[in-house]
Amino acid sequence: IASPVLGMECFIGGIVYRYGTSWRAWSSDWITYAPTLTNLVVGTGGPAGTVAKYRYVDGEVEVFLTFTLGTSGASVGTNPIATLPVTVASPPHANAFYTGGASLFDASGAARPGFVAADPVANRIRLYTISAGVAQAYDSITATAPWTWAAGDALHARFWVSPA
């Protein structure tokens, strides 16, 4: 579009773009992506699976992640990391919390709340768990915390980021 005007919209590849001072992704249906994982291997077999998707809502990005561990080759290291689907605006500081949350599920029946924090490396997030019984405290997720991870256990996150 040679001479866009304020508020003009166009639809390209499933995303609505809106013009302000420049074109900006504005809204879309869910779009799948393949995050790069660090300190987390989903593995294979049994319930193994990854769901990673995002969508634009009023110029912001909503991200949904689910990682379910399989029966073979799965592992969880300290503070699992996942890349984001879009380049995001710089958070105010490393480990800044993103709006939204996370939950950890133990196939044996336990569950714990968690949260999503910005990683010191751009365009990545880290997952943490909220400390049991301690207000305003958090713990690292490790191979044995908050429990020993096994097949069928899962990490879920749904949160918002601002694109750059």
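Look above for the structure.
Residues numbered from 1 in each chain as written. Predicted model: local features only at pLDDT ≥ 70, side-chain atom pairs only at ≥ 80, totals over all residues. Heavy atoms only, no water.

(A) How the structure looks around the sheet that holds strand β1 (residues 9-12). Read across the open sheet, the three strands follow the order β1-β2-β3; overall the sheet is antiparallel. Each of the sheet's edge strands pairs with one partner strand only, and the pair in question is β1 and β3 (23-28). On average, adjacent strands in this sheet sit at an angle of 35° to one another, irrespective of strand direction. Relative to strand β2 (residues 15-19), β1 runs antiparallel, the two being bridged by four bridges. (Pairing = 2+ DSSP bridges. Helix = DSSP H or I, 4+ residues; strand = E, 2+ residues; numbered from the N terminus. Axes fitted to C-alpha atoms, helices over the stretch in contact; angles between N-to-C directions.)

(B) Molecular detail of the pattern of salt bridges. Throughout the structure, instances matching the rule amount to seven salt bridges. Two residues, Glu-60 and Arg-24, come together in a salt bridge whose shortest N-O distance is 3.4 Å. With Glu-60 in strand β7 (residues 60-68) and Arg-24 in strand β3, this pair connects stretches of sequence that are 36 residues apart. A salt bridge links Asp-119 to Arg-124, with the nearest nitrogen and oxygen atoms 2.7 Å apart. Summarising the burial analysis for this pair, Asp-119 and Arg-124 share the class buried. Overlapping salt bridges, with partners in common, bring together Arg-55, Glu-62 and Arg-158 in one network. (Salt bridge = Lys/Arg side-chain N within 4 Å of Asp/Glu carboxyl O. Buried < 20%, exposed > 50% of the residue type's maximum accessible area, 1.4 Å probe, protein only.)

(C) Representation of the packing of aromatic side chains. In total, this model carries nine aromatic pairs according to the counting rule given. The interplanar angle of 80° and the centroid separation of 5.9 Å between the aromatic rings of Tyr-33 and Tyr-54 together place this pair among those described as edge-to-face. With Tyr-33 in the loop between β4 (31-32) and β5 (37-41) and Tyr-54 in strand β6 (residues 49-57), this residue pair connects regions lying 21 residues apart in the sequence. What links up through ring pairs into an aromatic cluster is the set Phe-97, Phe-115, Tyr-128 and Tyr-138. If you follow Lys-53 out to its NZ or CZ, it ends over the ring of Phe-64, 5.3 Å from the centre. (Phe/Tyr/Trp six-rings, centres within 6.5 Å; stacked < 30°, edge-to-face > 60°. Lys NZ or Arg CZ within 6 Å of the ring centre and 35° of its normal.)

(D) View of the side chain of Arg-126. You can see Arg-126 is positioned in strand β11 (residues 124-130). In this structure Arg-126 comes out as buried when scored by relative accessible area, which is 19%. A polar contact of 2.4 Å, which involves the side chain of Arg-126, links it to the side chain of Asp-119. Contacts of Arg-126, omitting those with residues within four sequence positions, involve Asn-79, Pro-80, Ile-81, Asn-95, Phe-115, Val-116, Ala-117, Asp-119 and Pro-120. (Polar contact = N/O pair within 3.5 Å; in protein donor to acceptor, adjacent residues only side chain to side chain. Contact = heavy atoms within 4.5 Å.)

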